[in-house]
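Summary of structural features
The chain contents come next:
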Amino acid sequence: MSARYTTRILIPSDQDTYRCATQALQRGDVVAIPTETVYGLAGNAFDPDALDKIFIAKERPAMNPLILHIASAQAQTVQDLADAAFIDISEIPEPIIDALNRVINAFWPGPLTLVLPRHTRIPDRLTGGLDTVALRVPAHPVAQKLISSTFPLAAPSANRSGRISPTSALAVYDELKGRIPFIIDGDACEVGVESSILAYIDQGLRLLRPGAISLKELRRESGLKILSTQKHPAEVRAPGMLQSHYAPDTPVKIFRNESELMGLLKNCSTPKAGVLLLEPPSEAELLSLLRSRGYVFEVLSESRDLTEAARQLFATLRKLDQQDLGLLFAQVPPQDQGLGQAIVFFVAIFRKE
Ligand code: TXA
Ligand code: MG
């Protein structure tokens, strides 16, 4: 296991925070940082020792590549990415470059990751030996400030491998205390689910991971056809998208609506179960059944808003997972509602095999 650290939580308003974090990154240490999606465990993307520390602290398999987080100034266009020697654009056709420029213009800085042919200087340790590299320009001011004052940062979600992504500094502490020196507390993440991953693969664009930005928005901005991985689960190309990722310890059963949940509850003999609802229960019968059984239930959005539900998803799941429940029922929304696709995706892979 990794070196033992006394993990300190730093506050952005404290004068010493950026000095401490910058020095740690410069000497090859890792620092957990807030981003608008989830917290990341950041290290110098061009320092193999720092990359090793990320993999060790997370217990992450070496074949699972990391996202390169870059400064906005180096990422206004696809040409900028090539000029900064992050990617090789020699094989990307002109119409795809144009489409990517429109997507960059619309969504960077923000919760979008692009997977493109890598430049030769990108370390193998970062890409897991793939010939592509994943790039993102985070919008969170703390992340942008750190990158601009140091170097591009490799940053996977700041959880131990296979566990729920953290959306607060305390959740990171829960995951990585003793394994890393610093966590910067940038409050709860605004988006709450990971970035969408859009890749240029086999001459076309493909969504590898649904996330904060919907397939519909990406299609609209790019003006091109984008294949959805969800329609082809067998072809998933993001190595980290294996089943059992993001899994809570509690086994999860999925339902779509209240009547389906009622059916599941009637046949459930687990003495201590939990229910994760997208919106407040509308059936009095459901509420009284939950109460009479003493089941714990959490509502992701009182106002039935999917953006809020996504923001609360991982934090609420983490809370339920800490209550020693025998079973957790989790609701998924219809896929075609913007963020619904991301929620369906993440909840579906919560399921334990
Ligand atoms: O929102 C996010 O993207 C967060 C924040 C911290 O930026 N980061 C994040 O990183 O989710 P991580 O490592 O937890 O997930 C990155 C995913 C993994 O599933 C990995 O396999 C995939 O991106 N990935 C990275 N490089 C890739 C590549 N070259 N080709 C395909 N997939 C790649
Ligand atoms: Mg992750």
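Relevant structure appears above.
Residues numbered from 1 in each chain as written. Chains lettered and ligands numbered in written order. Predicted model: local features only at pLDDT ≥ 70, side-chain atom pairs only at ≥ 80, totals over all residues. Heavy atoms only, no water.

**Section: the overall build of the chain**
For the chain, the helix and strand inventory stands at 12 helices and 15 strands. Taken over the C-alpha trace, the chain has a radius of gyration of 20 Å; the compact-globule value for 353 residues is 20 Å, and the two agree within 12%. Projecting the C-alpha coordinates of the chain onto the three principal axes gives extents of approximately 60 × 50 × 35 Å. By residue count, 58% of the 353 residues in the chain fall in the buried class. The contacts of the chain with a sequence gap of at least 6 include a subset with a gap of at least 24, amounting to 69%. Counting every atom, the chain has about 14800 Å² of accessible surface; 49% of that belongs to carbon and sulfur. (Helix = DSSP H or I, 4+ residues; strand = E, 2+ residues; numbered from the N terminus. Rg over C-alpha atoms; globule rule 2.2 N^0.38 Å. Buried < 20%, exposed > 50% of the residue type's maximum accessible area, 1.4 Å probe, protein only. Contact = heavy atoms within 4.5 Å. Areas by Shrake-Rupley, 256 points an atom, 1.4 Å probe, with all protein chains shown as cover.)

**Considering the environment of Ala 154**
Here Ala 154 lies in strand S7 (residues 153–154). Here Ala 154 falls in the buried class, since its relative accessible area comes to 0%. Along the primary structure Ala 154 and Gly 40 are separated by 114 residues, whereas in three dimensions their C-alpha atoms are 8.7 Å apart. Setting aside its immediate chain neighbours within four residues, Ala 154 contacts Leu 41, Ala 42, Gly 43, Ala 45, Leu 51, Ile 54, Leu 66, Ile 67, His 69 and Leu 126.

**Some remarks on the nonpolar core**
Within the largest apolar cluster, 53 residues are counted, with the highest numbers of intra-cluster contacts made by Leu 81, Ile 87 and Leu 135. When residues of this core are assigned to their parent elements, the largest contribution, seven residues, is made by helix H4 (residues 94–107). When neighbours within four sequence positions are excluded, Ile 87 is seen to be in contact with Val 78, Leu 81, Ala 82, Leu 116, Pro 117, Arg 118, His 119, Val 133 and Leu 135. Ranked by size, the runner-up nonpolar core spans 27 residues in total, among them Ala 212, Val 252, Leu 317 and Val 332. (Core = buried A, V, L, I, M, F, W, Y, C linked by side-chain atoms within 4.5 Å.)

**Some thoughts on the pairing of strand S3 (residues 40–44)**
In terms of burial, S3 is largely enclosed, as five of its five residues are buried. The hairpin formed by strand S2 (residues 31–33) and S3 contains six residues between the paired strands. Where S3 meets S7, two bridges bridge the pair, whose relative direction is antiparallel. Opposite Gly 43, over in S7, you have Ala 154 as the bridge partner. (Pairing = 2+ DSSP bridges.)

**Brief notes about unusual backbone geometry**
Across the junction of Trp 108 and Pro 109, the peptide omega takes the value -5 degrees, indicating a cis bond. Note on placement: Pro 109 falls in the loop between H4 and strand S5 (112–117). Of note, the phi angle at Ala 85 is positive, near 60 degrees, even though the residue is not glycine. Following the sequence through the fold, Ala 85 ends up in the loop between helix H3 (78–83) and H4. Classification of Ala 85 by relative accessible area gives buried; the value is 16%. Here Asp 202, not a glycine, exhibits a phi torsion of approximately 50 degrees, which is positive. Along the polypeptide, Asp 202 turns up in the loop between strand S9 (196–201) and strand S10 (204–209).

These figures capture arrangement, not role.
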